[in-house]
Amino acid sequence: MGKQILIIDDSNTMRKIIGRSLRQAGLEYDKVLEAGDGAEALKILESEKPDVILSDINMPNMDGIEFLRQKKANDKIKNIPVFMITTESAADVINEAINLGAKGSIKKPFTPEQIQNTLGGI
Amino acid sequence: MEIYQQLADATQEVFQSMLAMEIAPQAEIGTPPESFSETVSGMVGMGGLYKGIVAVHAPYPLAKKITSQFLMTDVDEINDDVLDAFGELANMLAGSIKAMLSSSGKDIQLSVPSSVSGEKYTLDINRSQGTHLIVPFETEAGQLLIQLHFEKQNGG
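This text gives an overview of the structure that appears in the document. (Residues numbered from 1 in each chain as written. Chains lettered and ligands numbered in written order. Predicted model: local features only at pLDDT ≥ 70, side-chain atom pairs only at ≥ 80, totals over all residues. Heavy atoms only, no water.)

Residues and elements named next belong to chain B. Estimates place the volume of the largest pocket at around 170 Å³. The element that contributes the greatest number of residues to the lining of the largest pocket is strand β4 (residues 108-110), accounting for three residues. Counted by class, the lining of the largest pocket contains five nonpolar, three polar and four charged residues. (1 Å grid on protein atoms, 1.4 Å probe; cavity = no way out; pocket = protein on both sides within 12 Å on 5 of 7 lines; lining within 4 Å. Points joined across faces, edges and corners; volume = space filled by probe spheres on them. Helix = DSSP H or I, 4+ residues; strand = E, 2+ residues; numbered from the N terminus. Nonpolar A, V, L, I, M, F, W, Y, C, P; charged D, E, K, R; others polar.)

Quick look at the structure:
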């Protein structure tokens, strides 16, 4: 099975930009899954098992923090690495994400190099 | 004013890193515009320690050009992609402004972005109190306006 990534962001434009930045960073995925919020992502994860997840924090319906909380409580998906990709700068919020299992964060706006530096080892 | 330069710098960073577009700020506009014609506006509200709004305004030709750069495809009409792109622009700037106004960031909350466009519309922002800034950027496709209004709340 090829490499898969799940991008969670309520902005369709941002999901496309992230996908393009991954390619520009030399990170090729056989399948790029997309979700508009945490709830949609959890639904996708019932049938798909991506190698890595990139998630926004501030989203309507279910935000990135609640997504991490529910993912952490689900044995089937809790070990999939998640990186936050967000405009959020509050250290408390980022730390909360880390405490809920996020492996790191990328600040918007970002460059392909920053994505490469963060995801290159995955 | 320091926050003016920070807002200009944040805007340039967004355009450089996300759009590969070099833009330079012009002199500050004293009075923020209230009415817009054939324009797209992306907005994010702030609450908590400061309340206010961050808005990005661009005339149709510039809005289409920015969205085309964002998506790396030709956008020749004002559609959902344009509105979404402008919401995201406002969102990224609001994240930078939040970091400027609060060291922890935890005491300011941002709304999810919203966008409007139209042949003619007005934005009713309370200008009686607080700080108002407009950073203009002139481009070949028209003038980009970055608008910031914020007001510290009692007890903050």
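A word on helix α2 (residues 60-71) of chain B. Residue and element names in this part refer to chain B. With 12 residues, α2 ought to run about 16 Å at 1.5 Å a step, and its terminal C-alpha atoms sit 16 Å apart, in line with that. By the burial criterion, the buried members of α2 are Y60, L62, A63, I66, T67, S68, F70 and L71. M72 sits one or two positions beyond α2 and adopts a positive phi of about 55 degrees. (Expected span 1.5 Å × (residues − 1). Buried < 20%, exposed > 50% of the residue type's maximum accessible area, 1.4 Å probe, protein only.)

At the junction of the two partners, chain B supplies 22 residues and chain A supplies 24 residues. A buried area of about 1,900 Å², summed over both sides, lies between chain B and chain A, and 55% of it is on carbon and sulfur atoms. The largest contributions to the chain B side of the interface with chain A come from M18(B), E88(B) and K106(B), which together make up 25% of the buried area. For E88(B), the salt bridge is made with K108(A), and the minimal N-O distance between the two is 3.5 Å. Scanning the region where chain B abuts chain A turns up six residue pairs in polar contact (both at pLDDT 80 or more). Taken together, the elements giving at least two residues each to the side of chain B that touches chain A come down to α1 (2-19), α2 and α3 (80-101) of chain B. Ranked by residue count, the leading element in the side of chain B that touches chain A is α3(B), at 10 residues. Looking at the side of chain B that touches chain A, its residues break down into nine nonpolar, seven polar and six charged. (Contact = heavy atoms within 4.5 Å. Buried area = accessible area lost by both parts, 1.4 Å probe. Salt bridge = Lys/Arg side-chain N within 4 Å of Asp/Glu carboxyl O. Polar contact = N/O pair within 3.5 Å; in protein donor to acceptor, adjacent residues only side chain to side chain.)

Here the focus is the packing of helix α1 (residues 12-24) of chain A against α3(B). Here α1(A) crosses α3(B) at 80 degrees, and the two axes come no closer than 7 Å. By the angle class used here, α1(A) and α3(B) are roughly perpendicular. Contact with α1(A), carried on its side by N12(A), T13(A), M14(A) and K16(A), involves D81(B), D84(B), A85(B), E88(B) and M92(B) of α3(B) and no other residues of that element. Its residues assigned to classes, the contact of α1(A) with α3(B) shows three nonpolar, two polar and four charged. (Axes fitted to C-alpha atoms, helices over the stretch in contact; angles between N-to-C directions. Parallel < 35°, antiparallel > 145°, perpendicular 65-115°, else oblique.)

Attention now goes to the sheet that holds strand β1 (residues 4-8) of chain A. Residue and element names in this part refer to chain A. Within the open sheet, the five strands sit side by side as β2-β1-β3-β4-β5. Their pairing is parallel. Looking at the sheet topology across the chains shown, the edges are occupied by β2 (31-35) and β5 (104-107). Within the sheet, the average angular offset between the axes of one strand and its neighbour, ignoring direction, is 20 degrees. Taken together, the four bridges between β1 and strand β3 (residues 52-55) define a ladder with parallel strand orientation. Paired with I7 across the strands is L54, a residue of β3. Relative to strand β4 (residues 82-86), helix α5 (residues 112-119) is tilted by about 160 degrees, and along the sheet it contacts β1, β3, β4 and β5. (Pairing = 2+ DSSP bridges.)

Right, let's talk about the pairing of β1(A) for a bit. The side chains of a regular strand alternate between both faces of the sheet. Residue and element names in this part refer to chain A. The element β1 is extensively covered by neighbouring structure, given that five of its five residues are classed as buried. Side chains of β1 alternate between two faces, with Q4, L6 and I8 and I5 and I7 buried alike. Bridge count for β1 against β2 is five bridges, and the pairing is parallel. The residue of β2 that forms the bridge with I5 is V32. Running through α1, the crossover from β1 to the neighbouring parallel element β2 is right-handed. (Right-handed = clockwise from strand over helix to strand, strands pointing away.)

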